[in-house]
Amino acid sequence: MKTIFTIFLTVFLAKSCANENGDIDKAVVEYEATSRGFYKNIKIEDKKLFVINNRNEKPVEVSLSKKEWNELVDAFKEINLEEMKNLKAPTEKRLYDGAAHANITIILDGKTYTTDGFDHGYPPSQIENFISKLIFLTIKE
């Protein structure tokens, strides 16, 4: 009986820690980084990736290969959405104009998950893989 309980508890806890709704296809993801002379807005919606590099631009759709999309999906699944509000920025360069101020918002199943601000280029380690892939895909040629 103890063995069954232990297995159940392990499976339950592992599932609750992961992004159980890891379906980025249903999510709206918006990353924004801004400072006095810099602006970047990246949005994922309806399986499409859009980027704005200047405040007065219109969104431009970025074409992704199936491999690139799958890598982004896998990185998204690593995010614990419930913990996003508790993530701590590893650096504070944005406080003295050393880096653009960034944050990410994810809307999934009617819930909104948002991080506190962090430095563009230096995201919290828990979301670093996803943010790095997202930014890389928007600067590719």
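Residues numbered from 1 in each chain as written. Predicted model: local features only at pLDDT ≥ 70, side-chain atom pairs only at ≥ 80, totals over all residues. Heavy atoms only, no water.

(A) The packing of aromatic side chains, seen in detail. For the structure shown, the criterion picks out two aromatic pairs. Centroid distance Tyr 31 to Phe 118: 6.3 Å. Interplanar angle 40 degrees. Geometry classified as tilted. Of this pair, Tyr 31 sits in strand β1 (residues 28-35) while Phe 118 sits in strand β7 (residues 118-119), placing them 87 residues apart in sequence. Side by side, Tyr 31 and Phe 118 carry an identical accessibility label, which is buried. (Phe/Tyr/Trp six-rings, centres within 6.5 Å; stacked < 30°, edge-to-face > 60°. Helix = DSSP H or I, 4+ residues; strand = E, 2+ residues; numbered from the N terminus. Buried < 20%, exposed > 50% of the residue type's maximum accessible area, 1.4 Å probe, protein only.)

(B) Expanded view of the nonpolar core. With 32 residues, the main nonpolar core has Val 29, Tyr 31, Ile 44, Ile 104, Ile 106 and Phe 130 as its most contacted residues. Counting residues per element, the ones that place at least two in this core are β1, β2 (38-45), β3 (48-52), α2 (66-77), β5 (101-108) and α3 (128-139). (Core = buried A, V, L, I, M, F, W, Y, C linked by side-chain atoms within 4.5 Å.)

(C) Main features of α3. The end-to-end C-alpha separation of α3 is 17 Å, in line with the 16 Å expected for 12 residues at 1.5 Å each. Those residues of α3 that fall on the buried side of the exposure criterion are Phe 130, Ile 131, Leu 134, Ile 135, Leu 137 and Thr 138. Take α3 and look down its axis: the buried residues cluster within an arc of 160 degrees, on one side only. Opposite its buried face, α3 presents the exposed residues Phe 136 and Ile 139, each directed more than 90 degrees away. (Expected span 1.5 Å × (residues − 1). Arc of directions from axis to C-beta.)

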